[in-house]
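Listed here are the chains, written in short residue letters.
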Amino acid sequence: MGVSDHAGATVCVERIILDELKLDEVAQRQTEIQRSSIKEKICDSVRCSVGQWKIWILKWIPLLSWIPQYSVRENGLGDLVSGVSVGIMHLPQGCMKTDLRSLNVPGTFAVISIMIGSVSERLAPDDHFLTNGTNGSVVMDTEARDVQRVKVAAATTLLCGIFQVLLGLVRFGFVVTYLSEPLVRGYTTGAATHVITSQLKYMFGVSPRRFSGPLQLIYTLVELGRLLPQTHIATLLISLVALTALIIVKEINSCYSHRLLLPVPIELMVVSSYTCTMFLQIAVNGVDVVGEIPSGLVPPRVPEVGFFSSVVGDAFAVAVVGYAISISLGKTFALKHGYKVDSNQELVALGLSNTIGGFFQCYSVTSSMSRSLVQESTGGKTQVAGMISAVIVFITVLKLGPLFEQLPTAVLSSIVFVNLKGMFMQCQDIPALWRSSRVDLLVWLVTFLCTVLLNLDLGLAASIIFTLLTVICRTQRPRYSLLGRVSDTELYLETESYKEAKAIPGITIFRSSAMIYYANAELYQEALLKKSGINVPKLLKLKTRKEEENAKKKQVKEQDKQLANRMMVSMKNASESVHCHGTDQECIINDSGIATVTHGNMNCSFQPEQDSEEENRDETDTHSSSCDGVQEHTHSIILDFSPVSFIDTVTLKTLKNVSQVTFICTHLLLCVVQQLERGGFFSESISKSRLFPSIHDAVLHCLCRSQRDRSGSEFEMPCVTRL
């Protein structure tokens, strides 16, 4: 090997080494890029997971989202006064709301109190705690009875909370969709009637019997009327004085709200004033007072699950009624102040409150109508007012309970009475609804009456059912109308309501005010045929007869064709050109081998093009002869399907029935078109090429088609539908 060869080999080796080094560098770079991309993906996934967790936490713990943005300057003073006012009302009012001793009552409502009390009385009646006394008399062991009733109430509350949490997790809050504004306002007004009725006994100082079930409010009012002669005068005077002070100051707050920095906290002032008068020994005069308020919290304990089987139905009813009250009040205030209520969040919040409260011998919590109105009227704007009232209740339970023992219950009832004015002002909806919507007025009245007469649980169910029935009735009996075109525009309006809308000659445009489904599909078909003037029985009868005649004609023509073919074959075998002369017929075989048979001057051969024209003409005659005066001048029908959002099987069959008498062309939403495809609606005669984006496009198509028909082209009667 020479020197040059050696040098060349060395150069080649160096190049190979350099190439390998370059490949290694490229591989390293690719590896680094892959590693960096993997790191970025990991970081992105971590960021996404952290973001999702953050969203989830803020969703289920809303406190973390709004508390950093809280403005002390704007809302601090109002929330403070409101929280203190509501907090002072909480405990004494809760104690007078129930006969269940030794129970904490964080958020009482009159109807919930009655429902819980009825369960406790049913499972722990007085008869089970009668014992023989020392003198041979029968004595009731009230302490043992109260302990047993507390256990029943705690078990009911725990089970109620579990139901509410489960309903919230399965998104049961969708039921709020069916709570229309008239229903909610009628329901809250009826609930306010129950609350007012439950407070009357404290204002008059009487002790009526407790009733439950349907017509409970009526029975209570009758009982109160019977006990009116026994009214305690001192209690009534206290109620009147408190009512007078509350009403006057409330009116001042309302009239001068734009000048007052903060509403005058009259509730707090009234409670404080009457509490300070306890040295006058009002209780000695027979005035009913709050009484003993136990201090301190009971230690948590697990409720007796043995009661679950006995209270499961009542617990579910309490869960639904408590949620209905809470969401109704929430929607009422949300509509008034312009915010939105998360229905499922409300369910979970109530459920957690009841679940935890069940371990502390609380009974079912829900929104309090009276204290919610007090919080609003005293200037409370945010959840901080609720937190302050909770702190006040906590402090009162621990240390300040004895301060309110001499507070007359009539004072608290008067506060409830006055603050429920806003709920009863909703009765002003009646004249407004009479002018705007009679159906909504009927929903309001039926909801109110059902709530008053059947109580809140059965009344809510009956109201929702009635509301759904009104929707069904309105969709089952919609307004059917014919549309006309406003000149020089592409607008099509009802000819009966608008004089500017003129009907287009030869075209019927039909529209329903409601969507088509199983409840009104048959009515839609009847209205369509009536408006368009189609006589369906007559048309189908003529169509059937014409089909039979066409079938016979085709059979005769097939026989003629077979005869001609046989003659052609026999004559072709005899001679290449045969002329048969006769008196009545002449058979000629032309160069193409086709035989034409003539009888005199009439052509009797098989002529498919002519047959097609005859059939089309027959079909045209059938359409024109089967219709009334409207149909004689109508060549096209346009169906406005704008309300249609889905197609059920009954509607699909109805459209197929309509397609037997006229061709249908539809323009629908994509999901509706897919439903029609799955139902086998489209065919050769009804294709998707007849979908139009607007009525005007369909009208132009019909007019062009009509011109082609008059010029001698194939006749069709299109029926166009648009969304």
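Residues numbered from 1 in each chain as written. Predicted model: local features only at pLDDT ≥ 70, side-chain atom pairs only at ≥ 80, totals over all residues. Heavy atoms only, no water.

Asker: So what about a nonpolar patch on the surface? Which residues, and what values?
Answerer: The grouping of Trp 53, Trp 56, Ile 57, Leu 58, Ile 61, Leu 63, Leu 64, Ile 67 and Met 387 at the surface amounts to a nonpolar patch, some 820 Å² of accessible area in total. For the nonpolar patch, the element with the most residues is helix 1 (residues 3-60), which contributes four residues. Classification of Leu 64 as partly exposed rests on a relative accessible area of 45%. (Patch = residues over 30% accessible without salt bridge, like charges linked within 9 Å, V, L, I, M, F, W, Y side chains within 5 Å. Areas by Shrake-Rupley, 256 points an atom, 1.4 Å probe, with all protein chains shown as cover. Salt bridge = Lys/Arg side-chain N within 4 Å of Asp/Glu carboxyl O. Helix = DSSP H or I, 4+ residues; strand = E, 2+ residues; numbered from the N terminus. Buried < 20%, exposed > 50% of the residue type's maximum accessible area, 1.4 Å probe, protein only.)

Asker: Let's hear about the environment of Ile 61: which residues, and what values?
Answerer: With respect to the helices and strands, Ile 61 occurs in the loop between helix 1 and helix 2 (63-66). Classification of Ile 61 as partly exposed rests on a relative accessible area of 41%.

Asker: Give a description of the environment of Ala 519 that names residues and reports values.
Answerer: With respect to the helices, strands and loops of the structure, Ala 519 is situated in the loop between strand 6 (507-512) and helix 18 (521-532). When the C-alpha positions of Ala 519 and Val 650 are compared, they lie 8.8 Å apart, and in sequence the two are 131 residues distant.

Asker: I'd love a proper account of unusual backbone geometry, names of residues and values included.
Answerer: The phi angle at Arg 171 is positive, at roughly 60 degrees, despite the residue not being glycine. Relative to the helices and strands, Arg 171 resides in the loop between helix 5 (142-169) and helix 6 (181-204). Judged by relative accessible area, Arg 171 falls into the partly exposed class, the value being 40%. One non-glycine residue, Leu 215, lies in positive phi territory at about 65 degrees. Secondary-structure assignment places Leu 215 in the loop between helix 6 and helix 7 (216-227). Among the residues examined, Leu 215 registers a relative accessible area of 34% and is labelled partly exposed.

Asker: Describe the nonpolar core, naming the residues involved and giving the relevant values.
Answerer: In this structure, Ile 112, Met 369 and Leu 420 are the most contacted members of the largest nonpolar core, which totals 47 residues. Mapped by element, the contributors of at least two residues to this core are helix 4 (110-123), helix 5, helix 6, helix 10 (308-337), helix 11 (343-358), helix 12 (369-377) and helix 17 (438-476). For this core, the leading source of residues is helix 10, giving twelve residues. One finds Ala 242, Leu 246, Val 270 and Val 411 within the second-largest nonpolar core, a separate group that totals 24 residues. (Core = buried A, V, L, I, M, F, W, Y, C linked by side-chain atoms within 4.5 Å.)

Asker: A description of the pattern of salt bridges should follow, citing residues and the corresponding values.
Answerer: Tallying each qualifying case throughout the model produces 13 salt bridges. Note that Glu 496 is salt-bridged to Lys 531, the shortest N-O span being 3.6 Å. Of this pair, Glu 496 sits in the loop between strand 4 (492-494) and strand 5 (501-502) while Lys 531 sits in helix 18, and the two are 35 residues apart along the sequence. A single network of salt bridges, built from pairs that share partners, joins Arg 479, Glu 494, Glu 496, Arg 511, Lys 531 and Asp 640.

Asker: So what's going on with the side chain of Thr 220? Residues and values would help.
Answerer: Secondary-structure assignment places Thr 220 in helix 7. For Thr 220, a relative accessible area of 12% corresponds to the buried category. One polar contact links the side chain of Thr 220 to the main-chain carbonyl oxygen of Gln 216, over a distance of 2.8 Å. (Polar contact = N/O pair within 3.5 Å; in protein donor to acceptor, adjacent residues only side chain to side chain.)

Asker: How would you sum up the packing of helix 6 against helix 14 (residues 409-419)? Please name residues and give values.
Answerer: Running from amino to carboxyl end, helix 6 crosses helix 14 at an angle of 150 degrees, the nearest separation of the two axes being 8 Å. Accordingly, the angle class assigned to the pair helix 6 and helix 14 is roughly antiparallel. In the packing of helix 6 onto helix 14, the handedness of the crossing is left-handed. Contacts between helix 6 and helix 14 involve Val 195, Ile 196, Gln 199, Leu 200, Tyr 202 and Met 203 from the first element and Thr 409, Ala 410, Ser 413, Ser 414, Val 416 and Phe 417 from the second. (Axes fitted to C-alpha atoms, helices over the stretch in contact; angles between N-to-C directions. Parallel < 35°, antiparallel > 145°, perpendicular 65-115°, else oblique. Left-handed = near helix turned anticlockwise from the far one by under 90°. Contact = heavy atoms within 4.5 Å.)

Asker: An account of the pairing of strand 3 (residues 480-486) is requested, with residue identities and associated values reported.
Answerer: Counting buried positions along strand 3 gives five out of seven residues, so the element sits mostly inside the fold. Where strand 3 and strand 6 come together, three bridges link them in antiparallel fashion. If you follow Ser 481 over to strand 6, its bridge partner there is Arg 511. Taking the residues that link successive antiparallel strands as the turn, the strand 3-strand 4 hairpin has five residues, and the phi of Asp 488 there is positive, at about 65 degrees. (Pairing = 2+ DSSP bridges.)

Asker: Mind laying out the pairing of strand 10 (residues 636-640), listing which residues take part and the relevant values?
Answerer: Where a strand is regular, its side chains alternate between the two sheet faces. Across the five residues that make up strand 10, a large majority, five, are buried. Neither face of strand 10 is open: one carries Ser 636, Ile 638 and Asp 640, the other Ile 637 and Leu 639, and all of them are buried. Pairing of strand 6 with strand 10, which is carried by five bridges, proceeds in the parallel orientation. Within strand 10, the residue paired with Arg 511 across the bridge is Asp 640.

Asker: Which residues make up the UniProt feature "transmembrane region" (unreviewed entry) in the protein, and what values go with them?
Answerer: UniProt feature "transmembrane region" (unreviewed entry): in the numbering of this structure it lies at residues 152-174, 231-249, 261-287, 307-330, 384-404 and 441-472. Regarding residues 307-330, the helix share stands at 96% and the strand share at 0%, and the terminal C-alpha atoms are separated by 32 Å. (UniProt positions renumbered as here; feature names shortened; annotations may be inferred.)

Asker: Which residues make up the packing of aromatic side chains, and what values do they have?
Answerer: Tallying each qualifying case throughout the model produces nine aromatic pairs. Ring geometry for Tyr 517 versus Tyr 518: centroids 5.1 Å apart, planes at 85 degrees, classification edge-to-face. Measuring from centroid to centroid gives 5.9 Å for Tyr 524 and Phe 641, while their planes differ by 65 degrees, and the two rings are edge-to-face. Of this pair, Tyr 524 sits in helix 18 while Phe 641 sits in the loop between strand 10 and helix 22 (649-658); the two residues are 117 residues apart in sequence, bridging distant segments of the chain. Here the aromatic cluster, defined as three or more aromatic residues joined through ring pairs, consists of Tyr 480, Phe 510, Tyr 524 and Phe 641. Over the ring of Trp 434 we find Arg 438, and its NZ or CZ is 3.7 Å from the ring centre. (Phe/Tyr/Trp six-rings, centres within 6.5 Å; stacked < 30°, edge-to-face > 60°. Lys NZ or Arg CZ within 6 Å of the ring centre and 35° of its normal.)

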